[in-house]
Amino acid sequence: MKVLKKGKGSPNDKSARFTCDGCGSLLEAKKSEGKYVSDWRDGDYVEVKCPECKAKNIVSAGLFQL
């Protein structure tokens with residue numbers, strides 16, 4: 001199959017912007033770039049590793065719904 005025009009990507013793989021807890025960098029990551037964790041107590045979240053300082057960031061899964 002040949003792609004004639006690229007779309008916006010998968011509708012299930014939205015991105016979110018957040019500030020790194022370790023170094024303060026402004027980051028934008030897709031949901032698929034992190035590890036999705038289901039948490040019934042505090043709400044689902046995605047663990048995203050900062051490419052600059054390697055800190056683990058916890059981002060609410062609700063941010064990826066936008």
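Residues numbered from 1 in each chain as written. Predicted model: local features only at pLDDT ≥ 70, side-chain atom pairs only at ≥ 80, totals over all residues. Heavy atoms only, no water.

Caption draft 1: Summary view of the pairing of strand β2 (residues 26–30). Side-chain alternation along β2 places Leu-27 and Ala-29 on a buried face and Leu-26, Glu-28 and Lys-30 on a face that remains uncovered. Sheet analysis places strand β1 (residues 15–19) next to β2, joined by five bridges and oriented antiparallel. Within β2, the residue paired with Phe-18 across the bridge is Leu-27. Remark: six residues form the turn of the hairpin made by β1 and β2, two consecutive strands paired antiparallel; Gly-24 in that turn has positive phi of roughly 85 degrees. (Buried < 20%, exposed > 50% of the residue type's maximum accessible area, 1.4 Å probe, protein only. Helix = DSSP H or I, 4+ residues; strand = E, 2+ residues; numbered from the N terminus. Pairing = 2+ DSSP bridges.)

Caption draft 2: Layout of the environment of Asp-44. Take Asp-44: it is sitting in the loop between β3 (35–37) and β4 (45–49). With relative accessibility at 29%, the residue Asp-44 sits in the partly exposed group. C-alpha of Asp-44 to C-alpha of Ala-61: the two residues are 17 residues apart in sequence and 5.5 Å apart in space. In contact with Asp-44, other than residues within four places in its own chain, are Tyr-36, Val-37, Ser-38, Asp-39, Ser-60 and Ala-61. A polar atom in the side chain of Asp-44 sits 3.4 Å from the side chain of Ser-38. (Contact = heavy atoms within 4.5 Å. Polar contact = N/O pair within 3.5 Å; in protein donor to acceptor, adjacent residues only side chain to side chain.)

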